[in-house]
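This is what each chain is made of:
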Amino acid sequence: MKLFTWQSTTQEHLDIEDIKQDLILCKNGQVSLVIETTAVNFDLLSEKEQEAKILAFAALINSLNFYIQILIRTEKLDVTRYIDRLEREREKQITDGLRKQIEIYTNFIKNLAYNTEVLDKRFFIVVSSLVSNVKKTSPIKTALGKEEKITNADQVIDKARGILYPRRDHLVKQMQKMNIFGRQLNTDELIKLFYSIYNPDTPGLQKLQIKADEIATPIITAK
């Protein structure tokens, strides 16, 4: 006899338990923060500058006593907002010549975006800490149909914050020596990032505004 039925979602199979307080809480108790960084075009540097960058990067790696993950993400760039801005600027011009030049450039961008994928690269560093003493929903309650989740999530995050924030500050300081600047992604930015990762074909992601308190459906939708 079947006592309980519920609809399963793809999101239940992810390692992510929750995203809150600008941190990612995984189901195994691991807590992570994500730093987005700027980049340097290494090929355009002189030989001495390249050598200096390599030495600074080696110093960063040698200074670490914890693991980091470096992620380079290539994604489609939505240029509709840029096109809208160009069209507004065209309307502001007082001479026909300037309006015509902006119109030609706008059409060039439209054709480029239509015929070619406009790609953008983003660079991230992930710092994680595995917290012990994680409490979860009891097996009896899960057997009765209650969702299994971490019951002391706030305590786990508070403990991880004390470990992760000094690591974050150390990385940011070391990166500045290479003229690379980083900042921690907040909760809304993390949600948008994961939404774009699991829904890569969704149009208009650059304009997508997602707030943590507006999430009422799974991040991933089945096809």
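Up top you'll find the structure we're talking about.
Below or above, wherever it landed, is the structure these notes cover. (Residues numbered from 1 in each chain as written. Predicted model: local features only at pLDDT ≥ 70, side-chain atom pairs only at ≥ 80, totals over all residues. Heavy atoms only, no water.)

Helix and strand counts for the protein come out as six helices and six strands. Relative to its full complement of 223 residues, the protein shows a buried share of 28%. Looking at the protein alone, contacts between residues at least 24 apart form 70% of all its contacts between residues at least 6 apart. Accessible surface, the protein: about 15,400 Å² in total, of which carbon and sulfur atoms supply 53%. (Helix = DSSP H or I, 4+ residues; strand = E, 2+ residues; numbered from the N terminus. Buried < 20%, exposed > 50% of the residue type's maximum accessible area, 1.4 Å probe, protein only. Contact = heavy atoms within 4.5 Å. Areas by Shrake-Rupley, 256 points an atom, 1.4 Å probe, with all protein chains shown as cover.)

Before going further, it helps to examine a nonpolar patch on the surface. Taken together, the side chains of F57, I61, I70 and I72 define a hydrophobic patch exposed on the protein surface, amounting to about 370 Å² of accessible area. Elements represented by at least two residues in the nonpolar patch include exactly helix 1 (47-62) and strand 4 (68-76). The residue I61 is located in helix 1 in this model. Using a relative accessible area of 36% as the deciding quantity, one classes I61 as partly exposed. (Patch = residues over 30% accessible without salt bridge, like charges linked within 9 Å, V, L, I, M, F, W, Y side chains within 5 Å. Salt bridge = Lys/Arg side-chain N within 4 Å of Asp/Glu carboxyl O.)

Take the nonpolar core next. V31, V127, L164, L171 and M175 are the most contacted members of the largest nonpolar core, which totals 23 residues. Going through the elements one at a time, strand 2 (23-26), strand 3 (30-37), helix 1, strand 5 (119-130) and helix 5 (153-176) are the ones with two or more residues in this core. Considering every element that reaches this core, the biggest residue donor is helix 5, with eight residues. Excluding residues that lie within four positions of it along the chain, V127 makes contacts with V31, S32, L33, F66, I68, L164, R167 and L171. Among the nonpolar cores identified, the runner-up in size contains eleven residues, and I16, I24, V126 and I191 belong to it. (Core = buried A, V, L, I, M, F, W, Y, C linked by side-chain atoms within 4.5 Å.)

Bringing the packing of aromatic side chains into the picture now. Summed over all chains, the structure comprises one aromatic pair. Considering the side-chain rings of Y82 and Y105, the 6.4 Å spacing of their centres and the 85 degrees angle between planes classify their relative orientation as edge-to-face. Of this pair, Y82 sits in helix 2 (residues 80-92) while Y105 is found in helix 3 (residues 96-115), placing the two residues 23 residues apart along the sequence. Its guanidinium or amino end placed over the ring of Y165, R168 lies 4.2 Å from that ring's centre, counting from NZ or CZ. (Phe/Tyr/Trp six-rings, centres within 6.5 Å; stacked < 30°, edge-to-face > 60°. Lys NZ or Arg CZ within 6 Å of the ring centre and 35° of its normal.)

Time to look at the environment of M178. Here M178 shows up in the loop between helix 5 and strand 6 (182-184). Among the residues examined, M178 registers a relative accessible area of 6% and is labelled buried. With sequence-adjacent residues up to four places away left out, M178 is seen in contact with V40, K53, A56, F57 and L60.

What follows concerns the pairing of strand 2. Burial along strand 2 is two-sided: the face carrying L23 and L25 and the face carrying I24 and C26 are both buried. Across four bridges, strand 1 (residues 16-20) lies against strand 2 in antiparallel orientation. Looking across to strand 2, one finds that I16 is bridged to C26. Counted between consecutive antiparallel strands, the loop separating strand 1 from strand 2 contains two residues, among which Q21 sits at a positive phi close to 55 degrees. Summarising the sheet, strand 2 and strand 3 pair through two bridges and their orientation is antiparallel. Bridging from a neighbouring strand, I24 pairs with S32 of strand 3. (Pairing = 2+ DSSP bridges.)

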